[in-house]
Amino acid sequence: MTTSILASAAPTITYAPAEGVFTYLWLLIALPLAGAAFLLVFGNRTNAWGHYLATLLPIGSFVIAVAMWLGLLAKPSEERGVIQHLWDWVIVGDFRANVGLQLDTLSLTFVLLITGVGSLIHIYSIGYMKDDPKRRLFFGYLNLFVAAMLLLVLADNYLLLYVGWEGVGLASYLLIGFWQYKNSAAVAAKKAFVVNRVGDFGLSIAIMLIFVTFGTVTFPEVFSQVGDAQQSDLTWIGLLLLLAACGKSAQVPLQSWLLDAMEGPTPVSALIHAATMVTAGVYLIVRSNVVFDAAPTAQVAVIIVGTVTLIFGAIIGLAKDEIKKVLAGSTMSQIGYMMLGAGLGPIGYVFAIFHLLNHGFFKANMFLGAGSVMHSFNNQENMRRFGAIRAVMAGHVRDVRSGLAGDHGHPAVLRLLLQGQDHRGGLPAELDRRHRSGPRCGDHGLLHDPAVHDDVPGQEALDRRRAPPRVAVGDDDPADHPGDPERGQRLRAGVQRLDRELAGAGHRLRAPGAATALVGDQRWHAAARDRRCAAGVPAVPPGRPAHRSRVGFAADGCRPQGPVR
């Protein structure tokens, strides 16, 4: 009786045949799929312009999706469903599986996210991959990724959804291992592929069980018969669908592949985390909401998995120093929140999808911002080696702050971030004291390890932490450079000359006073070296390569007697 009540309480949508603008529903998938086929078939002949074609096609899909969104808005809420039958696919006795597309408010939300954010990532990739000799191949894989994800969310039956599901897995394997000359990237791609096979096995068994139970795999027909099914059958179907979602969305216990997947190019990370792969599991749970509402045991399992993962992912993110792996841990945690919301039933589905949509935008923002920072630091990923970011990349800092605002989701934090204030301003006195004496990097609050970054031991390291992050290069203080009062004038002149060269050469760090900002920290290095040399301690620690010592200095890094030429 409970099952029938839950089934009858599910919202009903009337699906009508595609008419008007909805007759172009197939183009949403066909455009990026055609781009992938064209670039992969015609090969090197498309190297010069293939990336532009690959970028325009998802934009075309996004324009069509917006037109369909406007078309659905014009319909009553209970009639916002469209089905387009393309052709008969599998016909065996009474079983029939069609190639058909289903568009409703849920699938359209995903279509807008995939094509909108995916198009922005394509545009970003034009510059990011400009020096890669296989850029054309990369864009072909990106188009394949978008097409497979669109098929997944637009399929009108579980069997066609499975085709898109496997297409997403294939595209992720190709893109994570795109730089396969790196052993770490090749291993990460294989790991992602193998771990996802476990989840795919669960989905395949679930589809078989759905067919045995209901005699069909089409969504409307399956959901209309849920009230007549046995509780045990629904529970097993729900648990197997959850296993599939855990693999694709990197939820416990199948989460191990996600951090290693950061070995791929940064646009791939943004696409996987924001618009495609990891959101597929949430879509599967929410699309199958009628099954889970009628299977309380499976619903509780979804809640447990989401709760464990949201805590586990946050802890992993806190423990990592690599900027992309920190964001990967954050994604794992955020997807856990979505799974938790989906597991709560009808009251939580809307919040799960709302957060998924919000997460898609701010996580793409943060990954693409991280990619820009890594480029500026010569592909360095360790945040403990970052510094002076706000001085030379102020625009990127503002952009990433907007992403952090969406990630934090707290009004007080939103206000601090969006107003550009220092985080310390809103902390209690005790936390403020700890923050001021704790590890910092520059003046932007990133972790900073003096033992790694400065080579300054003991009390000097503590002084370095507490000192102002940068010193304006004006009239140089002779006390900073004992024994060489002319060093300040030479330093100031060199900095001004470097500023002019950077501004005239179109360097990526081009900004008024860029060199001045960067040299500020170097003055603290110089002062620390002088104090170490005065105490008889080598300025270059044992084991440091000899080329790290400056030209004109002794092998131990200390200044020789007399002026330096």
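This one's a predicted model, so the numbers in the text were calculated from it and none came from an experiment. (Residues numbered from 1 in each chain as written. Predicted model: local features only at pLDDT ≥ 70, side-chain atom pairs only at ≥ 80, totals over all residues. Heavy atoms only, no water.)

### Observations concerning the overall build of the protein chain
At step 1: Counting its secondary structure elements, the protein chain contains 24 helices and three strands.
At step 2: By residue count, 50% of the 565 residues in the protein chain fall in the buried class.
At step 3: For the protein chain, restricting intrachain contacts to residue pairs at least 6 apart in sequence, the fraction spanning at least 24 positions comes to 72%.
At step 4: Accessible surface computed for the protein chain: about 25,600 Å², of which carbon and sulfur atoms make up 62%. (Helix = DSSP H or I, 4+ residues; strand = E, 2+ residues; numbered from the N terminus. Buried < 20%, exposed > 50% of the residue type's maximum accessible area, 1.4 Å probe, protein only. Contact = heavy atoms within 4.5 Å. Areas by Shrake-Rupley, 256 points an atom, 1.4 Å probe, with all protein chains shown as cover.)

### Quick notes on the packing of aromatic side chains
At step 1: On inspection of all chains with the given rule, the structure shows twelve aromatic pairs.
At step 2: Taking 6.4 Å as the distance between ring centres and 85° as the angle between the ring planes, the aromatic pair formed by Tyr141 and Phe178 counts as edge-to-face. Here the residue Tyr141 occupies a position in helix 5 (residues 135-154), and Phe178 occupies one in the loop between helix 6 (158-176) and helix 7 (183-214), the gap between them amounting to 37 residues.
At step 3: An angle of 35° between the planes, with centres 4.7 Å apart, marks the rings of Phe377 and Phe386 as tilted.
At step 4: Overall, the relative accessible area of 22% leaves Phe377 in the partly exposed class.
At step 5: Taking the relative accessible area as the measure of exposure, Phe386 reaches 0% and is therefore buried.
At step 6: Through a chain of ring-to-ring contacts, the aromatic side chains of Phe138, Phe139, Tyr141 and Phe178 assemble into a single cluster.
At step 7: One residue, Arg197, lies across the ring of Phe193, its end atom 4.2 Å from the ring centre. (Phe/Tyr/Trp six-rings, centres within 6.5 Å; stacked < 30°, edge-to-face > 60°. Lys NZ or Arg CZ within 6 Å of the ring centre and 35° of its normal.)

### Thoughts on the pattern of salt bridges
At step 1: In the structure shown here, the tally under the stated rule is eight salt bridges.
At step 2: Of the charged contacts, one joins Asp88 and Arg96 as a salt bridge, the two residues approaching to 3.3 Å between their closest N and O atoms.
At step 3: When its relative accessible area of 40% is taken as the criterion, Asp88 is described as partly exposed.
At step 4: By relative accessible area, Arg96 is classed as partly exposed at 40%.
At step 5: A salt bridge links Asp200 to Lys248, with the shortest nitrogen-to-oxygen separation between them at 3.8 Å. Taken together, the residues span a long stretch of sequence, with Asp200 in helix 7 and Lys248 in helix 9 (residues 231-248) at a distance of 48 residues.
At step 6: A single salt-bridge network, built from bridges that share partners, covers Glu166, Arg197, Asp200 and Lys248. (Salt bridge = Lys/Arg side-chain N within 4 Å of Asp/Glu carboxyl O.)

### So, the sheet that holds strand 3 (residues 95-104)
At step 1: Taken together, the three strands give an open sheet; going across it, the order is 1-2-3, and neighbouring strands pair in mixed fashion. A single partner strand is all that each edge strand has here, and the edge strands are strand 1 (16-17) and strand 3.
At step 2: By the bridge criterion, two bridges tie strand 1 to strand 2 (residues 81-92) in an arrangement that is parallel. Each residue of the ladder has a partner; that of Ala16, found in strand 2, is Val82. (Pairing = 2+ DSSP bridges.)

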